[in-house]
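# Architecture and fold: a report
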Amino acid sequence: MSHPSGNVRLKSARVAAGYVSQQKLAEAMTEAAPELGIRGLSVGVRQVRRWESATPPWPHPDHRRLLGHLLRQDMEQLGFTPPHDQVAEHRAMVMTGTAVGLSPVPRLTMALTQPDSVGDDYEAVTRSHRRLYWSVAPAVLHPVVMAHATMGIALLPETAGATRHRVAAALAESCLLAARMEFFDMRQPEAANDTLVKALQAASEADNALLGSAILAHSAFIPGWAGRRDDALERMVAARTYARRGPASTEFLAWLDAVEAECETRCGETRTALNFIMHAEDVLATESEHPNPPWMDWFSPVRLAAFKGNTQLKAGHLPKARETLATVLEELPESDDKQRTVILGDLAAVEAADERPEAACGYALQALDLLATTWYATGMDRVRDVRRTLAPWQNQQCVRDLDDRLYGWSTTLSALTR
């Protein structure tokens, strides 16, 4: 596979922000100009094409403001080099807080100092963080992973060739892990979006299309959960395009279907979502030509069934949802307590929708038991959603008992500290 050419940093940031074509970014810049007090400015696709070339010109001040506003990064992070007479001015802007997120992924400009073994060492720590995710509290692990990513960025200019590609790929994995924690564990979608941009830039440095696909699919969750269906689908188109460039396993392709199904479910399109899940089940039933990537430890047939149960719940197919989710609860690995909180929350929602408040509270209390020791914001969101649906029975003892636990000292402190 040939290495990406042109200004890959700007292109990666554009795609990660949801602008899947140069035309889309040009239109967004033109539309955003009046919001920033910029009058009479029109950006064309030809200008964006020049910025994404191998020798991008330094944008004019208004263009810089618009690019920074829409892509949430500094100009150097976006692959631009300031002219000699503007370097000091630009550095001053960065120092006053114009830049966002991590430091930019640097290009190879320094003398090579790191041995080839740095690739093995950096990858080993990345693998360890990936395993620790399933048991260590996000408040503890997240800053460690971010620090590891910062070190990876510092190492890149000191490596070359295969070693540089390995460090860049591991850096992309670390940023993806950090973004997963920000979105699923900590419910910080804006921070997750910024970190995913960094992850995509690192994946482009590694020329790893499959990692790029995984990062883009994760980025689709952000607009999908917010109900912005068109934005989510655009990102999924990009994710599937990248998957075609890499040796995607059947499990990876099924996971893309599951991601799109969840986005459709969140946007109220449950029939479309169930079709994606059926397709994913068919894909998993076929023999894979390629192995599953080692970093993809968040999906399995059981996880697909969990997606299915949630969609059946949202579609109002309560008996099917109850059966599916109960089976998932039995088959879920004992170590997967985070996902277990989500399944218990969905089972509670099934019972609440079926007007069985005592059964709903029972499942919700089980979820709270786990959340007291294994914090997972997505699981807590499920419990809170169930409590809102239990309003008609709020004077019953079972709901009062749930409130005592939901707003008890241990659960409240866990939410604040984890």
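Keep in mind the model is a prediction, meaning the values are calculated, not measured. Counting from 1, residues in each chain are numbered in the order their sequence is written. Reporting in this predicted model follows two pLDDT cut-offs: at least 70 for local features of residues, and 80 or more for side-chain atom pairs to be given and counted; totals over whole chains, interfaces and linings ignore these cut-offs and use all residues. Side-chain numbers here rest on the full set of heavy atoms in the structure, without hydrogens or water.

As a further point, take the overall build of the protein chain. Labels follow the DSSP assignment, with helices taken as runs of H or I lasting at least four residues and strands as runs of E lasting at least two, numbered in each case from the N terminus. Check the secondary structure of the protein chain and you find 20 helices and zero strands. Nonlocal contacts in the protein chain, meaning residues at least 24 apart in sequence, comprise 70% of its contacts between residues at least 6 apart. Computed with a 1.4 Å probe, the accessible areas rest on the Shrake-Rupley method; for each residue, only the protein chains presented here act as cover. Accessible area for the protein chain stands at about 18900 Å²; split by element, carbon and sulfur atoms hold 53% of it. Contact definition: two residues touch when any of their heavy atoms are within 4.5 Å.

Quick look at the nonpolar core now. Residues belong to one nonpolar core when they are buried, are Ala, Val, Leu, Ile, Met, Phe, Trp, Tyr or Cys, and are joined through side-chain atoms within 4.5 Å. When accessible area is computed with a 1.4 Å probe and restricted to protein chains, residues below 20% of their type maximum are described as buried, those above 50% as exposed, and intermediate ones as partly exposed. One finds Leu67, Leu71, Phe252, Trp255, Phe299 and Leu390 to be the most contacted residues of the largest nonpolar core, which totals 127 residues. Counting residues per element, this core draws most heavily on helix H8 (residues 161–185), at 14 residues. Residue contacts for Leu71: discarding those within four places in its chain leaves Leu10, Ala13, Arg14, Ala17, Tyr19, Leu25 and Leu78.

Attention now goes to the packing of helix H18 (residues 377–389) against helix H19 (residues 397–406). Here an axis means a line fitted to C-alpha atoms, over the contact stretch when the element is a helix, while the angle between two N-to-C directions is reported on a 0 to 180 degree scale. Two elements in contact, H18 and H19, have axes separated by 12 Å at closest approach and are oriented at 145°. For the pair H18 and H19, the crossing hand works out as left-handed. Of the residues in H19, those touching H18 at Met380, Val383, Arg384 and Arg387 are Val399, Leu402, Asp403 and Leu406. Of the residues that constitute the contact of H18 with H19, the class distribution is five nonpolar, no polar and three charged. By definition, any crossing whose near helix is turned counterclockwise from its far helix by less than a right angle is left-handed, and any crossing with a clockwise turn is right-handed. Note on residue categories: nonpolar means Ala, Val, Leu, Ile, Met, Phe, Trp, Tyr, Cys or Pro, charged means Asp, Glu, Lys or Arg, and polar means any other residue, Gly included.

Another aspect to go through is the environment of Ala359. Here Ala359 shows up in helix H17 (residues 357–371). With 12 residues separating them along the chain, Ala359 and Leu347 place their C-alpha atoms 9.0 Å apart.

Before going further, it helps to spend a moment on the packing of aromatic side chains. For Phe, Tyr and Trp, rings pair up if their centres lie within 6.5 Å, where Trp contributes its six-membered ring, and each pair is then called stacked (planes under 30 degrees apart), edge-to-face (over 60) or tilted (otherwise). Counting across every chain of the model gives 12 aromatic pairs. Measuring from ring centre to ring centre gives 4.9 Å for Tyr133 and Trp134, while their planes differ by 75°; the resulting arrangement is edge-to-face. Ring centres 5.4 Å apart and planes at 80° place the aromatic pair Phe184 and Phe221 in the edge-to-face group. Highlighted residues: Phe184 in helix H8 and Phe221 in helix H10 (residues 209–225), separated in sequence by 37 residues. When sorted by exposure, Phe184 lands in the same class as Phe221, which is buried. Linked through ring pairs, Phe183, Phe184, Phe221 and Trp225 together constitute an aromatic cluster. The rule for a charge over a ring is simple: NZ of Lys or CZ of Arg within 6 Å of the ring centre, and within 35 degrees of the ring normal. Note that Arg245 overlies the ring of Tyr242, its terminal NZ or CZ placed 4.6 Å from the centroid.

The next thing to look at is the packing of H17 against H18. Remark: H17 packs on H18, axes separated minimally by 10 Å, with the N-to-C direction vectors making an angle of 150°. In this view, H17 runs roughly antiparallel relative to H18, as classed from their interaxial angle. Read as a crossing pair, H17 and H18 show a hand that is left-handed. Contacts between H17 and H18 involve Ala364, Ala367, Leu368 and Leu371 from the first element and Gly379, Met380 and Val383 from the second. Angles below 35 degrees are treated as roughly parallel, those above 145 as roughly antiparallel, those between 65 and 115 as roughly perpendicular, and all remaining angles as oblique.

Everything listed is a geometric property; what it means functionally is a separate question.
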